[in-house]
Each structure stands twice: as C-alpha cells, then as structure tokens.
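# Summary of the model geometry
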Amino acid sequence: MNRETNRETDEAVAARPAAAHPAPAPTRPAPAEPLVAGLLLAAGGGRRLGGRPKALLTHRGRPLVEHAVRVLREGGCEVVHVVLGAAAERVRAEARLPGCVLVDNPEWAQGMGSSLRAGLASLEAEVLPVRAALVSLVDQPGIGAAAVARVRAAYGGPDTLAAASYEGRRGHPVLFGAGRWAGIAAGALGDQGARDYLREHRDAITLVDCSDVAEPYDIDTEADLVHLE
C-alpha cells in the first residue's frame, strides 16, 4: 500500500504543471580588461543660456546629451552613467539613451560637485567591477572619441589620476581610479567638482596631451552656440 501510494503521489506530482520561475535577469559579461566607465555630467540648467538645459541643446539634429554619450562609447567606455538634473524628465522623454544608467541629481542647482558625487555613488553600485571613472561634461562637443580613448588608456590602477591637457593646461575628460573616489566625493562641493582634489594631488596626475585631437570649449553663453551644428 505504501508503495502504491507513493507511486500515485509520484504520478500526481509529475502531472502537475511546472511551477513558474522568473527568468534570471540578463547579465553583462565581465570585461577582459579593467573596466573604465564613462560618467557624463549633464545636469546643468543653462542659466546663462536663458534657462535652456544643456543636455537638450540641439547638436546635429539631436539633443546634445546623445552626442556626448556616443563620444564616450566610441572612445571605449562600454558602461555609461549619465547624471541628470535640470529638466530630467524631458531629457528622459526626448533623448535616446539606450543602455545608459540615468542618475537623477535633485541637488543639481548646488553645482557640479553634487552631480559628481551622485555619479560616483552610482558607479559604486554598478553590477560590473568598475575600476575607474572617465568623467566628461555634456557641454564640450569639441572633445571627441579620440581624446576619450587617450585618457582612458592612461589607467594604471586604482589610484590613477589622469586628465586631458590642451597646450599644457589640464581639462576634460578626467579619469579617476576607484581608489580615489571617496576622497574626490568628500571634497566635491559647489561648482568646484574635483578641482580642489586635483590641485592637492597635482603631482600624481598623468597629463595626456589632446591638443591635436580636441577643442575644450564650453557651451556656456548664447555666443557659444555657434559651436553647435
């Protein structure tokens, strides 16, 4: 009887529909080399542009933020986090940013420092093992993929500090090894971003000359709009 009961139980179990289990979330393969993620700061409200968010300025027929993301990817940054602030919902609705991690910075009006802190915190939570952040600004369309690739190649370990230079002057993009993030975030206040930290650690910075491949102008005022296409 026990054996028959067991058989009937087995048959009943076999006849039941299989329990539904959610499919595992797709994962990105781990990179073969140290992962340098792109961190795009795109939260500015364009105060000197009449309050037009810089991310949504038109460049080559599309929002400027799309161009900046494309530059990071073409320069070798497969993972890209974008910090949004002014008109964040409009940027999400109007810009095509597939595959990007979009980071909201509700404190964007306090200055670039708050966006840098938000972006580094987002990279710390990234599922892939990000070894460094390559930071660029949305309002510098004259800096292309060649400059990104050069600075990215300067990564040498968790304490790496590297920056593009233009005729001897430090500019963007800049690269921060993960071992530097906590110190940078602690000093990222107001509009200074990482400026004070970089000044204090100037002897550790690898300058990467990009004068021949990029122009580091900013889109800050109405007069600067001539640089957009």
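To keep things clear, this report deals only with the structure shown in the data block. Since the model is a prediction, treat every value here as computed from it, not as a measurement. (Residues numbered from 1 in each chain as written. Predicted model: local features only at pLDDT ≥ 70, side-chain atom pairs only at ≥ 80, totals over all residues. Heavy atoms only, no water.)

Here we come to the overall build of the chain. In terms of helices and strands, the chain carries 7 helices and 9 strands. Of the contacts made within the chain by residues no fewer than 6 positions apart, 70% connect residues no fewer than 24 positions apart. Roughly 12200 Å² of accessible area belongs to the chain as shown, and the carbon and sulfur atoms make up 51% of that amount. (Helix = DSSP H or I, 4+ residues; strand = E, 2+ residues; numbered from the N terminus. Contact = heavy atoms within 4.5 Å. Areas by Shrake-Rupley, 256 points an atom, 1.4 Å probe, with all protein chains shown as cover.)

Turning our attention to helix H5 (residues 145–152). Looking at H5, one finds that the buried residues are Ala 147, Val 148, Val 151 and Arg 152. In a view along the axis of H5, the buried residues occupy a sector of 130 degrees, so they form one face of it. On its buried face, H5 is in contact with strand E1 (35–42), helix H2 (64–74), strand E6 (130–137), strand E7 (161–166), strand E8 (169–177) and strand E9 (205–209). (Buried < 20%, exposed > 50% of the residue type's maximum accessible area, 1.4 Å probe, protein only. Arc of directions from axis to C-beta.)

What follows covers the sheet that holds E8. The pairing of strands in a sheet happens through backbone hydrogen bonds and is either parallel or antiparallel. One open sheet accounts for 7 strands, arranged E5-E4-E1-E6-E8-E7-E9; its pairing is mixed. Two strands bound the open sheet, and with one partner strand each, they are strand E5 (101–104) and E9. This sheet shows a mean twist of 25 degrees between the axes of neighbouring strands, independent of strand direction. Two strands pair when backbone bridges link them, and E1 and strand E4 (residues 80–84) are joined in this way by 5 bridges, in the parallel orientation. Following the sheet pairing, Ala 42 is matched in E4 by Leu 84. Most of the contacts of H2 go to E1, to which it runs at about 165 degrees, and overall it touches E1, E4 and E6. Across the face of the sheet, helix H4 (residues 112–124) comes into contact with E1, E4, E5, E6 and E8 while running at roughly 150 degrees to E1. (Pairing = 2+ DSSP bridges. Axes fitted to C-alpha atoms, helices over the stretch in contact; angles between N-to-C directions.)

A separate point is the side chain of His 59. Relative to the assigned elements, His 59 resides in strand E2 (residues 58–59). Looking at His 59, the relative accessible area reads 4%, which means it is buried. In terms of polar contacts, His 59 uses its side chain to reach the backbone amide nitrogen of Glu 229, at 3.1 Å. Among all residues touching His 59, those that are not within four sequence positions of it are Leu 64, His 67, Pro 141, His 227, Leu 228 and Glu 229. (Polar contact = N/O pair within 3.5 Å; in protein donor to acceptor, adjacent residues only side chain to side chain.)

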